[in-house]
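What follows is each chain in one-letter form.
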Amino acid sequence: MALFLSAAGGTETLLADECRRLLGGAVRIEPGRGGVTVHGDAVAAMTLNLESRLAQRVLWPLADGPYRDEHDLYALARTVRWPDWITPRQTLRVDTSARASPLRSLHFAALRIKDAVCDALRDATGARPSVDTRDPDLPLLLHLGAAHATLYVDTSGEPLFKRGWRDAAAAGREVKGEAPLKETLAAAMLAAAGWQGRAEDLPLLDPCCGAGTIAIEAAQLACGIAPGAQRRFAFERLAPFRDHAAAWQALRRDARERVHAPAVAVFAGDVSFRMTDFAARNAERAGVATAIAFKTADALQRPPPAPRGVLMLNPPYGERIAPKGRGANAREGFTDAGGGDDFFAALAAHWKRHYGGWTAWVLSPDAQLPRRLRLKESRRVPLWNGPIECRLYRFDLVAGSARGARHAGD
């Protein structure tokens, strides 16, 4: 099957490399726009759901072909043997994405796919399945191009950035207003930096950790914890995957047995006691509480926890970039010349005084970030945070220098 793994913009090549590591060089893997095509089987789909840190979904193709209107979509969906996938006692949902589609209503297109599934089940069994918009047994994705349609089963169910450890209720209650970094984007930052949690990768520090996402992803890498180890997947409820139940149990068992003590130290913290405490509780749910050394500290004052290492951060706005004690008077935003510029200039000065020999990776939508830091980047990697185009900047820190030294080979 030509599985399609959707991914955030800018991460496609990183995802292709990850798939090669997970599946081996014999599997044909083709990066493209918005994701990667993997020519694999059911076991490959299960492996990628369990092990991929960068993919958003693993999609299994069911049917594809030309279309002009919704009647063509209905006919396309009727070519699938739906009783092979679900029973009338199960549920389904159809989501639709489109690029240059001539159809006026994507909702009506999804409705026609749903009708085709229900009609096929009723013809075959005398009963039809129900729709469940929240947690369906069979999540379907219809992608419409200008004249070509493809229908997929979403084998993941919930998107793969939902690792199973984030407490949504606690996040809404305790960090109201925060926009947490998705786990897949944090993993992409680590992958772009070449940081894989090995001893030779050097200790990692996120001094503005927020909810702790970067540090938790890093600690799970350092401990060999599979990103999907704490969650369930849609394919587990689908008939075609039941024949591979033994293989799935073996994959989960191998993932559990692979967990080990951290191979490299991970440090994190925040100027806010509230955020550091929240991140520490997230780390506990993620199974890496003992693998991350948390410390509430001002990023502008925190000394390096090791002689050499990697700084990895997604700088926050507002109160959390102010020194402790100034939170109520913090000035907002990256582009506020009186607030953001002061913070970044002070941060760079602190790095130059104390973090010589370290490498800093900073994710930001601000094209002027190197100027604000008064550092010269040695690399910039385009990454998309949802609809926001960002850059992951690399700065090679030299003690006392206003410019980062360029890294050999970059």
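This text gives an overview of the structure that appears in the document. (Residues numbered from 1 in each chain as written. Predicted model: local features only at pLDDT ≥ 70, side-chain atom pairs only at ≥ 80, totals over all residues. Heavy atoms only, no water.)

Moving on to the overall build of the chain. If you tally the helices and strands in the chain, you get eleven helices and 15 strands. When each of the 410 residues of the chain is scored for burial, the buried share is 53%. Put simply, of all contacts in the chain between residues at least 6 apart along the chain, 77% involve residues at least 24 apart. As displayed, the chain offers around 18100 Å² of accessible surface, 51% of which is attributable to carbon and sulfur atoms. (Helix = DSSP H or I, 4+ residues; strand = E, 2+ residues; numbered from the N terminus. Buried < 20%, exposed > 50% of the residue type's maximum accessible area, 1.4 Å probe, protein only. Contact = heavy atoms within 4.5 Å. Areas by Shrake-Rupley, 256 points an atom, 1.4 Å probe, with all protein chains shown as cover.)

Let's shift gears to helix 2 (residues 42-51). With respect to burial, helix 2 is a largely interior element, nine of its ten residues being buried. Buried residues of helix 2: Ala42, Ala44, Ala45, Met46, Thr47, Leu48, Asn49, Leu50 and Glu51, and no others. Considering only its buried residues, helix 2 is in contact with strand 1 (2-6), helix 1 (12-23), strand 3 (35-39), strand 4 (57-66) and helix 8 (245-257). Looking at where helix 2 begins, the residue whose side-chain oxygen comes 3.2 Å from the main-chain nitrogen of Val43 is Asp41. (Polar contact = N/O pair within 3.5 Å; in protein donor to acceptor, adjacent residues only side chain to side chain.)

Positioned with a positive phi, Leu202 is a non-glycine residue whose angle comes to about 75°. Here Arg374, not a glycine, exhibits a phi torsion of approximately 60°, which is positive. Considering the arrangement of structural elements, one finds Arg374 in the loop between helix 11 (369-373) and strand 14 (379-385). Note on Arg374: relative accessible area 56%, which makes it exposed.

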